[in-house]
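# Residue-level structural notes
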Amino acid sequence: MSDERDRGRGEHAVAGVASGLGRDDLPVEQRAALRRAIRLEWATLAVMTVTVAAVYAVSGQSQAMKAAWIEDSLSLLPPIAFLVAIRVSRMPPTARFPYGRHRSVGIGHLVAGVALLAMGAFLVVDSGTALLTRERPPMGVVVIGGQVIWSGWLMIAVMALSVIGPLILGRMKTGPAEALHDKVLYADADMNRADWKTGLATIVGVLGISLGLWWADAVAALVVSASIVRDGWSNLRGAIEGLADARPTRFDGTDPHPLVYRIDELLAGVDWADDHGARVRDEGHVFHVEAFLVPARGREITVERLADVRRRLAELSWKIEDVVVTVVSEVHDAHRPC
């Protein structure tokens, strides 16, 4: 797990503050993961651009092909959001943006989620209307090399080929997404890996038309649309939670991030404090930590002691971008890990 590999990799942090997610600010493994992720996203843009053009060229009047074409077009959003967010998040903090611009990752995540959900909802209505009105898509023929070919066979061939690239790229992105704690990259990988379902549903719909099942095309389009809505809702919910400062989770949005518990364990070991707590904010790739300590009666609190706790917290992981340590009279229950 990447969180285990983080141990002992805080040497890049100086007093808990890094300059941003630049190539030189990261440990060796994360620098390599970032370079790999950027290459994969550019490859994804190239593959999906060709795929979108090919699917559009053969889509005809098929509802399923139209839904597949729109989903493939929307698949361009996460790579673009990732590449833009990487550039923006490297900018150092300023007076106007004292926390830096790491939230650009969350903004990109939100944009992708809204676009997916809105377009998925539109396709559900559009495909459902076609099914209710018993719309029968015309499927003509094309002449290639003097041979008359049913256009449905071209659709099936294009859809079968279109899932290969995203499926491979999706699997390759999971590792960098985990290493970088990048939820946009993981969402993109998840969508890529699921593209085979879109391809299969579309192929089944087109084959259904060949068998005289006029409704198969609209049903396949509904299946694809439902997949888009699911991806959109999942991404939108995760992005909103992140921007609303929910407790940090793992890169896949499932369990609480292990760093939350490691921070609590470190604070529990502070010998001059009777109680402790912390607020951990997920800024995109990195975390900001506010640590609270209740000093024991009669123990002297010095700047050096506070600075020592701050340094030790910063050294837990490269993900910890900044740390604030303060003393309080009591700790709120909301500042304790569940």
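About the cut-offs
- Residues numbered from 1 in each chain as written.
- Predicted model: local features only at pLDDT ≥ 70, side-chain atom pairs only at ≥ 80, totals over all residues.
- Heavy atoms only, no water.
- UniProt positions renumbered as here; feature names shortened; annotations may be inferred.
- Helix = DSSP H or I, 4+ residues; strand = E, 2+ residues; numbered from the N terminus.
- Buried < 20%, exposed > 50% of the residue type's maximum accessible area, 1.4 Å probe, protein only.
- Pairing = 2+ DSSP bridges.
- Axes fitted to C-alpha atoms, helices over the stretch in contact; angles between N-to-C directions.
- Parallel < 35°, antiparallel > 145°, perpendicular 65-115°, else oblique.
- Left-handed = near helix turned anticlockwise from the far one by under 90°.
- Contact = heavy atoms within 4.5 Å.
- Nonpolar A, V, L, I, M, F, W, Y, C, P; charged D, E, K, R; others polar.
- 1 Å grid on protein atoms, 1.4 Å probe; cavity = no way out; pocket = protein on both sides within 12 Å on 5 of 7 lines; lining within 4 Å.
- Points joined across faces, edges and corners; volume = space filled by probe spheres on them.
- Salt bridge = Lys/Arg side-chain N within 4 Å of Asp/Glu carboxyl O.
- Core = buried A, V, L, I, M, F, W, Y, C linked by side-chain atoms within 4.5 Å.
- Phe/Tyr/Trp six-rings, centres within 6.5 Å; stacked < 30°, edge-to-face > 60°.
- Lys NZ or Arg CZ within 6 Å of the ring centre and 35° of its normal.

An unreviewed UniProt entry annotates the protein chain as Cation diffusion facilitator family transporter originating from Dietzia maris. Recorded in UniProt under Subcellular location (unreviewed entry), the annotation for the protein chain is "Membrane". As stated in UniProt under Sequence similarities (unreviewed entry), the record for the protein chain gives "Belongs to the cation diffusion facilitator (CDF) transporter (TC 2.A.4) family."

## Focus on the environment of R297
Topologically, R297 is positioned in the loop between strand 4 (287-295) and helix 12 (303-314). Note: C-alpha distance between R297 and P27 (270 residues apart in sequence) is 40 Å.

## Points about the UniProt feature "transmembrane region" (unreviewed entry) in the protein chain
If you check UniProt for "transmembrane region" (unreviewed entry), the listed places come out as residues 40-58, 64-86, 107-128, 148-169 and 198-216 in our numbering. From the first C-alpha to the last, residues 148-169 spans 35 Å; its make-up is 82% helix and 14% strand. Taken end to end, residues 198-216 comprises 79% helix and 0% strand; its first and last C-alpha atoms sit 14 Å apart.

## A look at the pairing of strand 4
Across the 9 residues that make up strand 4, a large majority, 7, are buried. One ladder, built from 9 bridges, connects strand 3 (residues 273-282) with strand 4; its direction is antiparallel. Of the residues in strand 4, the one forming a bridge with D282 is F287. Where strand 3 hands over to strand 4, the hairpin turn is made up of 4 residues, of which G284 adopts a positive phi near 130°. Of the strand pairs in this sheet, strand 4 and strand 5 (residues 320-327) are connected by 7 bridges, and their pairing is parallel.

## Focus on the packing of helix 2 (residues 28-58) against helix 7 (residues 164-180)
Axis separation between helix 2 and helix 7 bottoms out at 9 Å; the angle between their running directions is 155°. What the angle tells us is that helix 2 and helix 7 run roughly antiparallel. Where helix 2 crosses over helix 7, the two elements pack in a sense that is left-handed. Contacts from E29, Q30, A33, L34, R36, A37, L40, E41, A43, T44, V47 and M48 of helix 2 reach helix 7 at G165, P166, L169, M172, K173, P176, A179 and L180. Taken together, the residues that form the contact of helix 2 with helix 7 break down as 13 nonpolar, 3 polar and 4 charged.

## Comments concerning helix 8 (residues 183-193)
An α-helical segment advances 3.6 residues per turn. Residues three or four places apart therefore align on the same side. For helix 8, the tally of buried residues reaches 10 of 11 residues, placing the bulk of the element in the interior. Along helix 8, the positions that sit buried rather than exposed are K183, V184, L185, Y186, A187, D188, A189, M191, N192 and R193.

## Overview of empty space enclosed by the protein
Think of a ball as big as a water molecule: rolled over the atoms, this probe shows where empty space is left. Using the criterion set out here, one finds 3 cavities of 30 Å³ or more in the structure. Roughly 140 Å³ of volume is contained in the largest cavity. What lines the largest cavity is a set of 14 residues, among which G106, K183, G242, D282 and G284 lie closest to the centre. Those elements that provide at least two residues to the lining of the largest cavity are helix 5 (104-132), helix 8 and helix 10 (215-243). The space that makes up the second largest cavity amounts to roughly 50 Å³. Along its surface, the second largest cavity is lined by E71, D72, M159, S162, V163, P166, D195, T198 and G199. Every element with two or more residues in the lining of the second largest cavity is listed here: helix 3 (63-74), helix 6 (151-162) and helix 9 (195-210). Here the element with the most residues in the lining of the second largest cavity is helix 9; it accounts for 3 residues.

## Re the pattern of salt bridges
Per the stated rule, a full pass over the model turns up 17 salt bridges. Close ionic contact of E41 with K173 constitutes a salt bridge, the shortest N to O distance being 2.9 Å. In this pair, E41 is assigned in helix 2 and K173 in helix 7, connecting sequence segments 132 residues apart. K173 matches E41 in its accessibility class, with the two residues each being buried.

## Considering the nonpolar core
Counting 21 residues, the largest nonpolar core has L34, I38, F82 and L180 as its most contacted members. With sequence-adjacent residues up to four places away left out, F82 is seen in contact with A37, I38, E41, D182, V184 and L185. The next biggest cluster of nonpolar side chains, apart from the first, holds 20 residues, and it includes F287, L293, L316 and I320.

## Topic: the packing of aromatic side chains
Applying the stated criterion to the full structure yields 3 aromatic pairs. Between Y56 and W69, the aromatic rings sit 5.5 Å apart at their centres with planes inclined by 45°, giving tilted as the arrangement. Separated by 13 residues along the polypeptide, Y56 in helix 2 and W69 in helix 3 bring together distant segments of the chain. Judged by relative accessible area, W69 falls into the partly exposed class, the value being 27%. Aromatic pair W150 and W153: ring centres 5.3 Å apart, planes at 85°, arrangement edge-to-face. Above the face of the Y99 ring, R281 is positioned so that its terminal group lies 5.0 Å from the ring centre.

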